[in-house]
Amino acid sequence: MYAPAGVKTAASHPIPDVMKAWVLGDPGQLTLGDKPVPVPKRAEVLVRIDAVAICATDLEIIYHGPPASIQGGLPFNKGFTPGHEYMGTVVALGPGVDEYQIGQRVTVEIHAGCGQCKRCRAGMYTSCHNYGLNYGDVDKGHRANGFTTDGGFCEYQVNNINTLVAIPDEMSDEEATLVVTAGTAMYGLTELGGLVAGESVVVTGPGPIGLLGVAVAKALGAHPVILTGTRDNRLAIGLGLGADYAVNVRREDAVEAVRRLNAGKGVDYVVECSGAPSAVNEAIRMVNRGGKVCLAAFPHEETPVDVAHIVRNNIYLYGIRGEGKSATHRAEAFMSQKRFDATKIHTHTFALEDLPTAIRYAKDRVEDAIKVVVKARGVPAAQKVAAE
Ligand SMILES: [Zn+2]
Ligand SMILES: [Zn+2]
């Protein structure tokens, strides 16, 4: 029976010693095996994972490696469990924890910084200077579950209390997995200045972050909010999440369309979520002079950028990593107040045992999949359940 010294457990939530966990072997190769249930240290809790969403970054990690960094290198054949967009129930408390109770439902953000570098001290824990230093002789307490430490494609995981976000009973498991995605969009808008009420915003790229970026920008009072992309079905979801206009860039020049829809002027902010090679040069032409561009996606190859246009027009560029400055808490506040319905981007649910199928749906966009969720319990294996 699981009873590590110094860790508080409760009879109401019995914990096994061993759990099922997916482990990454060679690129693209995942096997389901057994692992010991991890033990929370100081300021950490043990979360029983109830649902995990698959992210495009998980696919990057599973097939290519970066941005995961395990023991300072590629994540392959190191017993690593990926997965980072999960939610669950607190089932054990590490030493010193009284901020959360056993039985409480939570969702998680990814990055627990070291807490002792200058970036962490400023709330920029996703840019922690001690990123990945959590093994061996040097252990700074840093965790980025699914990136530098074991993640969520398993039954239990350890989380620093600073990565937990309490969720209301009414929020479904599936919706709760989307808080961190909305939180990433919120962080982007935070870094752009945050005061977007009445300001014009373009979101380029209707992936999960872009779609929830539309929802968050609208909830913050932006107007107009214009979404650009290439897939009509996703643009329609963006309109359902509050976009004032959607532009299919296969049919219309994106820059011209944005100016036309914004009374002939450039917009105040662009949140770039497409990662397209032409995206930066288009974004800097979509904003007005002095406008701000947030880069939340990246192309795989280096691309030329028109620096002269940026300088002459005093345009600001921000690269953002993940979900800093407690943005997930602010995103969750919008979601629990039902300011937007994030479940519009959830399309499929599978059992944890069917993770390879779930990954195929996410990767190949089978049946127009957007957010695919796996659940450790309550969903029969090898049986797809349509989203509600
Ligand atoms: Zn993600
Ligand atoms: Zn740090």
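Being a predicted model, the structure only gives us computed values, none of them experimental. (Residues numbered from 1 in each chain as written. Chains lettered and ligands numbered in written order. Predicted model: local features only at pLDDT ≥ 70, side-chain atom pairs only at ≥ 80, totals over all residues. Heavy atoms only, no water.)

(A) Focus on the coordination of the zinc ion (ligand 1). In the first shell of the zinc ion (ligand 1), the protein supplies Cys55 (SG), His84 (NE2) and Glu85 (OE), at 2.0 to 2.3 Å from the metal. Coordination of the zinc ion (ligand 1) draws on donor residues from a single chain, spaced C-x28-H-E in sequence. Taken as a pair, Cys55 in the loop between strand 3 (44–53) and helix 1 (56–63) and His84 in the loop between helix 1 and strand 4 (85–93) lie far apart in primary sequence, 29 residues in all. Its relative accessible area of 2% is what places His84 among the buried residues. (Donors = N, O, S within 2.8 Å, 3.2 Å for Na, K, Ca; no water. Helix = DSSP H or I, 4+ residues; strand = E, 2+ residues; numbered from the N terminus. Buried < 20%, exposed > 50% of the residue type's maximum accessible area, 1.4 Å probe, protein only.)

(B) The arrangement of the sheet that holds strand 13 (residues 225–229) in detail. If you trace the six strands from one edge of the open sheet to the other, you get 14-13-12-15-16-17, paired in parallel fashion. A single partner strand is all that each edge strand has here, and the edge strands are strand 14 (245–248) and strand 17 (316–319). Adjacent strand axes in the sheet meet at a mean angle of 20 degrees, parallel and antiparallel pairs treated alike. Here four bridges tie strand 12 (residues 201–204) to strand 13, and the two strands are oriented parallel to one another. Note on strand 13: the bridge partner recorded for Val201 is Val225. Across the sheet, helix 5 (residues 208–219) lies against strand 12 and strand 13, angled at about 175 degrees from strand 13, the strand it touches most. (Pairing = 2+ DSSP bridges. Axes fitted to C-alpha atoms, helices over the stretch in contact; angles between N-to-C directions. Contact = heavy atoms within 4.5 Å.)

(C) Quick look at the environment of Glu60. Summarising the element assignment, Glu60 is placed in helix 1. Glu60 gets classed as partly exposed once you look at its relative accessible area, which sits at 24%. In contact with Glu60, not counting residues within four places along its chain, are Gly65, Pro66 and His300.

Limitation: the analysis is restricted to geometry and does not speak to function.
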